[in-house]
Amino acid sequence: MHKSHSLHDFYQQKIYWLPDTLRQDIGHFNVFRLDDFVGPGACHLPYSRKDFYKITLVTGRSNYHYADKTLEIRGNALLFANPMVPYDWEPLDDDLTGYFCIFTEAFLQRHLVGGVELPMFQPGGQPLYTLTNEQLLATRQLFEKMTAEIDSDYAFKYDLLRNYVFELVHSAMKLQPATTLYRGSSAATRIASLFAELLERQFPIETPGQQVRLRNAHAFAGQLAVHVNHLNRALKEVTGKTTTQLIAERLIQEAYALLKHTDWNVSEISYCLGFEEPAHFNNFFRKHARTTPTALRVV
């Protein structure tokens, strides 16, 4: 898998210049017309994790390769990307249109602590929202306001730009039924949140030498300083799934990404995911994916 791409990489490969504000500690934000980054000769960043957040408005045909999934876009869509999940946007037409903005966690949290805990920026969150033509118009107007404001001399323009970002986020959240990331009592919710954070810290796998260390309920319970039965009850209450199920789902997600987007052999992938023998990984993958690692690669 390609190494994580930084903001510095983005500007060097896509824009060919570095903004003066990139090295400031206040956080970084910028907005661009998507039209300028598609068509013949456009630079394409590979499937990888980026160390910044990105929101894209797009109209046209494209594919969004996000984690272990490929999401087809055949109209208007709003895409969300975060530093924890590798992704790749694949244009299928040369006349795609839209906007995108990029920003760092420091920019988002400068005045609104906890902003990155919003559902679409969480592992397992919904990264794509389809838009009607009416919703497209309203969203486009927000990006147009961003584009005008970024070039203004207004002393508090970044506060205003931050508000536009949150307006985009809440507009997207209104497009799906009201849900909570976790449900249940506050104590169980805290345990589930800590478990999810601990699990996600092990991913993505970016080198063949990197290995998942926490692979079972007892290992997580030990790290969280709770009894394994207490951990299982909390996760079942909050997510409806067992600890083992949640770990297996995340391992399968990472296995899909490694099989599809690297040239590592099955033994290397098996090692990275913490399996003692490739045969154990093959049996695990077959059980959960209903196919073999080798068969997946030839699809």
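Scroll up for the structure.
Only a predicted model underlies this, so the values are computations on that prediction, with no experimental measurement involved. (Residues numbered from 1 in each chain as written. Predicted model: local features only at pLDDT ≥ 70, side-chain atom pairs only at ≥ 80, totals over all residues. Heavy atoms only, no water.)

## Quick look at the overall build of the chain
Right, on to step 1. A tally of helices and strands in the chain yields 11 helices and 6 strands.
Right, on to step 2. Considering the chain as a whole, with its 299 residues, one finds that 47% of them fall into the buried category.
Right, on to step 3. Taking all contacts inside the chain whose residues are at least 6 apart in sequence as the whole, residues at least 24 apart take part in 70%.
Right, on to step 4. When the accessible surface of the chain is summed, it comes to about 15,200 Å², and 51% of that surface belongs to carbon and sulfur atoms. (Helix = DSSP H or I, 4+ residues; strand = E, 2+ residues; numbered from the N terminus. Buried < 20%, exposed > 50% of the residue type's maximum accessible area, 1.4 Å probe, protein only. Contact = heavy atoms within 4.5 Å. Areas by Shrake-Rupley, 256 points an atom, 1.4 Å probe, with all protein chains shown as cover.)

## Quick look at the packing of aromatic side chains
When we look at a pair of aromatic rings, we describe it by the centre distance and by the angle of the planes.
Right, on to step 1. In total, this model carries 16 aromatic pairs according to the counting rule given.
Right, on to step 2. Relative to F285, the ring of F281 lies with its centre 5.9 Å away and its plane at 50°, an arrangement referred to as tilted. With F281 and F285 both in helix α10 (residues 278-289), this residue pair falls 4 residues apart, about one helical turn.
Right, on to step 3. In this structure F281 comes out as buried when scored by relative accessible area, which is 0%.
Right, on to step 4. An aromatic cluster of at least three residues, connected via ring pairs, comprises Y256, F275, F281, F284 and F285.
Right, on to step 5. If you follow R162 out to its NZ or CZ, it ends over the ring of F107, 4.6 Å from the centre.
Right, on to step 6. Sitting above the plane of the F275 ring, R215 keeps its charged end 4.2 Å from the centroid. (Phe/Tyr/Trp six-rings, centres within 6.5 Å; stacked < 30°, edge-to-face > 60°. Lys NZ or Arg CZ within 6 Å of the ring centre and 35° of its normal.)

## Remarks on empty space enclosed by the protein
Right, on to step 1. This structure, assessed with the given rule, holds 1 cavity of 30 Å³ or more.
Right, on to step 2. Of the pockets and cavities examined, the largest cavity occupies roughly 30 Å³.
Right, on to step 3. Looking at the largest cavity, the residues that line it are A67, V85, P86, R250, Q253, E254 and A257.
Right, on to step 4. The class makeup of the residues in the lining of the largest cavity is 4 nonpolar, 1 polar and 2 charged. (1 Å grid on protein atoms, 1.4 Å probe; cavity = no way out; pocket = protein on both sides within 12 Å on 5 of 7 lines; lining within 4 Å. Points joined across faces, edges and corners; volume = space filled by probe spheres on them. Nonpolar A, V, L, I, M, F, W, Y, C, P; charged D, E, K, R; others polar.)

## What about the nonpolar core?
Right, on to step 1. Membership of the largest hydrophobic core comes to 38 residues, with the highest contact counts inside it found for F195, F220, L273, F281 and F285.
Right, on to step 2. Within the residue set of this core, elements represented by two or more residues are α5 (186-200), α6 (217-224), α7 (228-239), α8 (243-261), α9 (266-272) and α10.
Right, on to step 3. Looking at which element gives the most residues to this core, the answer is α8, with 9 residues. (Core = buried A, V, L, I, M, F, W, Y, C linked by side-chain atoms within 4.5 Å.)

## Description of the packing of α8 against α10
Right, on to step 1. In contact at an axis separation of 11 Å, α8 and α10 are set at 105° when each is read in the N-to-C sense. Classified by the angle between their axes, α8 and α10 sit roughly perpendicular to one another. Two secondary-structure elements touch here, α8 through A248, L251, I252, A255, Y256 and L259 and α10 through F281, F284, F285, H288 and A289.
Right, on to step 2. Across the contact of α8 with α10, the residue classes tally to 10 nonpolar, 1 polar and no charged. (Axes fitted to C-alpha atoms, helices over the stretch in contact; angles between N-to-C directions. Parallel < 35°, antiparallel > 145°, perpendicular 65-115°, else oblique.)

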